Amino acid sequence: MYAQSRARESKEQRGVSTSGPVRDHSTLAKISDFYSFFFLYFVIFFLMIRRPPRSTLFPYTTLFRSQAIKSIHSLLDNRGPITTAPRAPAERLDLAALPLPARHLLDNALYRRPDTNRPLTTIYTSLGCDRHCTFCLAPWVWGAKVRTRPVESILEEIRDCVEKSAIYDFYFLADTFTADKTFVLALCKGLKTLPVDIRWVCNSRVDTLCEERVMAMKEAGCQGVALGIESGSEDSLRRMGKQTTLAQARHAVSLLKKHHLLSHGYFLIGLPWEDKAGIEKTMDFALELDPDLAEFNVPAPFPTTPLWKHYQALGFTEERLRNSQGDYATPKFGTQHLTALELLSLRKQALRKFYLRPRKLWALFKYAKPWKNPLAVWHFMWLKGKNVLNLLHQ
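Residues numbered from 1 in each chain as written. Predicted model: local features only at pLDDT ≥ 70, side-chain atom pairs only at ≥ 80, totals over all residues. Heavy atoms only, no water.

Caption draft 1: Looking closely at the packing of helix H10 (residues 246-258) against helix H11 (residues 276-289). Following both chains from N to C, one finds H10 and H11 inclined at 30°, their axes separated by 10 Å at the closest point. Comparing the axis directions of H10 and H11 gives the class roughly parallel. Here H10 runs over H11; the crossing is right-handed. Side by side, H10 and H11 meet where Leu246, Ala249, Arg250, Val253 and Lys257 of the first sit next to Phe285, Glu288 and Leu289 of the second. For the contact of H10 with H11, a count of residues per class yields 5 nonpolar, no polar and 3 charged. (Axes fitted to C-alpha atoms, helices over the stretch in contact; angles between N-to-C directions. Helix = DSSP H or I, 4+ residues; strand = E, 2+ residues; numbered from the N terminus. Parallel < 35°, antiparallel > 145°, perpendicular 65-115°, else oblique. Left-handed = near helix turned anticlockwise from the far one by under 90°. Contact = heavy atoms within 4.5 Å. Nonpolar A, V, L, I, M, F, W, Y, C, P; charged D, E, K, R; others polar.)

Below is the structure:
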């Protein structure tokens, strides 16, 4: 969907609670075994890990106690061909066998929700996506099949976070969290058995939400859902392989509003075939839907994806495409009809049109609830205020 390819977002785009913890490099220095740390440094900076990364880095003995580099599966040398044998496909990774994250190596107080300033952490609930959106890397990294973690494994990780780190806010990270209805209902049922109340958010496709799922999620502590809406054009949705419709997007947002869950819309503008009129349709559709929050990202093609190949067919070199990765706010090139500067201007225009409406500003203020938590509200309004000033300046 979009979970992996949108992990890095600009500050002006970040939503209420969709950003998980980012590794603090200073924590690596806390590892007592210097040689293990040096070896890990070598692996990260001089080699590439083929999918699935978790099975390559796990178990510990495979990575740190192996006799030779070549005994580690699924590594590639950046300077040459594959140097080790491939592992089994990501689809065969046993999610139940993965250990819990070593959160004791992190200063968990650093990672907080921008709206409440409470500690927040990320929990993987499933991997893989059975759709093939042209811009998304998820099926190529985790496989084209949705595989869910056992519910008890997720509950165990939540209990560990609560008991050891006093974390009660979570981002349930998945390529397609709501894809498996049976899993969603079972997890929500399990969450209600916990001895404490937790708060969580997730992502979803617009065609995998229904009344039953949304009600169960709300009752289990869900506070918001990020939706991959992408475009206001049926033609663009078809060409990007999204396999959704505008009607499904309208239904999904209306369901979240009906049950008072925060809606966070992701929109993608600047695909190779788009012109100004097409992007303006997406802007207008965002205003029509009026989710609580919206992000307007520009394409950053990844190797192996259809979008990457599309740009190559248009004459883009591999070097130029690689230089575009990791920045979803500043376009490195335009479309067949727009320059990069024109696309950047349209993105800024989309953000201004969406957020600088009196009704939207008032809604954000009400969401902050200053009468309940003044300090958190100050933090939230300070972040949003900087964004508003940036937009006005632009």
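Read on for the rest.
Caption draft 2: Summary view of the packing of aromatic side chains. If you walk through the whole model with that rule in mind, you get 11 aromatic pairs. Summarising the aromatic geometry, the rings of Phe177 and Trp200 are spaced 5.7 Å apart at their centres and angled 55° between planes, so their arrangement reads as tilted. You can see Phe177 sitting in the loop between strand E6 (169-173) and helix H7 (181-191) and its partner Trp200 sitting in strand E7 (residues 199-204), a full 23 residues away along the chain. When its relative accessible area of 1% is taken as the criterion, Phe177 is described as buried. (Phe/Tyr/Trp six-rings, centres within 6.5 Å; stacked < 30°, edge-to-face > 60°. Buried < 20%, exposed > 50% of the residue type's maximum accessible area, 1.4 Å probe, protein only.)

Caption draft 3: Up close: the nonpolar core. Ile158, Phe170, Phe172, Leu191 and Trp200 are the most contacted members of the largest nonpolar core, which totals 73 residues. Setting aside residues up to four positions removed in sequence, Trp200 forms contacts with Phe170, Phe172, Phe177, Cys188, Leu191, Met217, Ala220, Gly221, Cys222, Gln223 and Gly224. Leu95, Tyr124, Trp142 and Tyr171 belong to the second-largest nonpolar core, a separate cluster that totals 7 residues. (Core = buried A, V, L, I, M, F, W, Y, C linked by side-chain atoms within 4.5 Å.)

Caption draft 4: Fine view of the pairing of strand E9 (residues 262-268). With 7 of 7 residues buried, E9 lies mostly within the body of the structure. Of the two faces of E9, both are covered, the one formed by Leu262, His264, Tyr266 and Leu268 as well as the one formed by Ser263, Gly265 and Phe267. Of the strand pairs in this sheet, strand E8 (residues 222-230) and E9 are connected by 6 bridges, and their pairing is parallel. Note that in E9 the partner of Gly224 across the bridge is Leu262. Note: E9 against strand E10 (residues 293-297), 5 bridges, orientation parallel. Note that in E10 the partner of Gly265 across the bridge is Ala294. Once the chain exits E9 it traverses H11 before rejoining the sheet at E10, and the crossover so formed is right-handed. (Pairing = 2+ DSSP bridges. Right-handed = clockwise from strand over helix to strand, strands pointing away.)

Caption draft 5: Local environment of helix H15 (residues 358-368). For H15, the set of buried residues is Lys360, Leu364 and Ala368. One face of H15 carries all of its buried residues, which in axial projection span an arc of 80°. The outward face of H15, more than 90 degrees from its buried face, is lined by the exposed residues Pro358 and Arg359. (Arc of directions from axis to C-beta.)

Caption draft 6: Up close: the confidence of the model for the chain. Confidence along the chain averages 79 in pLDDT terms, with 69% of residues attaining 70 or more. Of the regions scoring below 50 in pLDDT, residues 77-84 engages in 18 contacts with residues more than four places distant in sequence or in other chains. (pLDDT = per-residue confidence, 0-100.)

Caption draft 7: Spotlight on the pairing of E10. Burial analysis of E10 places 5 of its 5 residues in the buried class, which makes it a mostly covered element. Of the two faces of E10, the one holding Leu293, Glu295 and Asn297 and the one holding Ala294 and Phe296 are both buried throughout.

Caption draft 8: Representation of the environment of Phe170. Relative to the elements of secondary structure, Phe170 occurs in strand E6. Since its relative accessible area comes to 1%, Phe170 is described here as buried. Sequence separation of Phe170 and Pro119 is 51 residues, and the distance between their C-alpha atoms is 8.7 Å. Non-local contacts of Phe170, meaning those with residues more than four positions away in its chain, are made with Leu120, Thr121, Ile123, Ile158, Cys161, Val162, Ile198, Arg199, Trp200 and Val201.

Caption draft 9: Focus on the packing of helix H6 (residues 151-165) against H7. One way to put it is that H6 packs onto H7 with a least axis distance of 10 Å and a crossing angle of 40°. Taken together, the axis directions place H6 and H7 in an arrangement best described as oblique. For the element pair H6 and H7, the recorded crossing hand is right-handed. Across the interface between the two elements, Val151, Ile154, Leu155 and Ile158 from H6 touch Phe183, Ala186, Leu187, Gly190 and Leu191 from H7. Class assignment for the residues of the contact of H6 with H7 results in 8 nonpolar, 1 polar and no charged.

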